[in-house]
Amino acid sequence: MSTTRKKGTAKRNRLGVKNSLVNNINARKKKGASRSKSKKTVSKKSYAAMKKNWGKKRR
């Protein structure tokens, strides 16, 4: 016996919307929950670390 979900009962996240990028963006916008500047920007240190690996192929 496998448990199956009913159609239309998608998992909801903590914002109360179905998990999808667009839904999350719109829910945050509606709620007015913006991030502080320090959390929305990439630090110089981490950007430099990312830049160092650009163009290198992974195995």
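None of the values given here were measured: they were computed from a predicted structure. (Residues numbered from 1 in each chain as written. Predicted model: local features only at pLDDT ≥ 70, side-chain atom pairs only at ≥ 80, totals over all residues. Heavy atoms only, no water.)

**As for the overall build of the protein**
For step 1, the next point in the chain: Secondary structure summary: the protein contains three helices and zero strands in total.
For step 2, the next point in the chain: Going from N to C terminus, the protein has its helices and strands arranged as α-α-α.
For step 3, the next point in the chain: Expressed as a percentage of the 59 residues in the protein, the buried residues total 2%. (Helix = DSSP H or I, 4+ residues; strand = E, 2+ residues; numbered from the N terminus. Buried < 20%, exposed > 50% of the residue type's maximum accessible area, 1.4 Å probe, protein only.)

**Focus on the confidence of the model for the protein**
For step 1, the next point in the chain: Here the protein averages 78 in pLDDT, while 81% of its residues score no lower than 70.
For step 2, the next point in the chain: When mean pLDDT is compared element by element in the protein, helix 3 (residues 44–52) scores highest at 89, while helix 2 (residues 37–40) scores lowest at 76. (pLDDT = per-residue confidence, 0-100.)

**Examining the environment of Ser20**
For step 1, the next point in the chain: Along the chain, Ser20 turns up in the segment before helix 1 (21–31).
For step 2, the next point in the chain: Among the polar contacts listed, one links the side chain of Ser20 to the backbone nitrogen of Asn23, at a separation of 3.2 Å. (Polar contact = N/O pair within 3.5 Å; in protein donor to acceptor, adjacent residues only side chain to side chain.)

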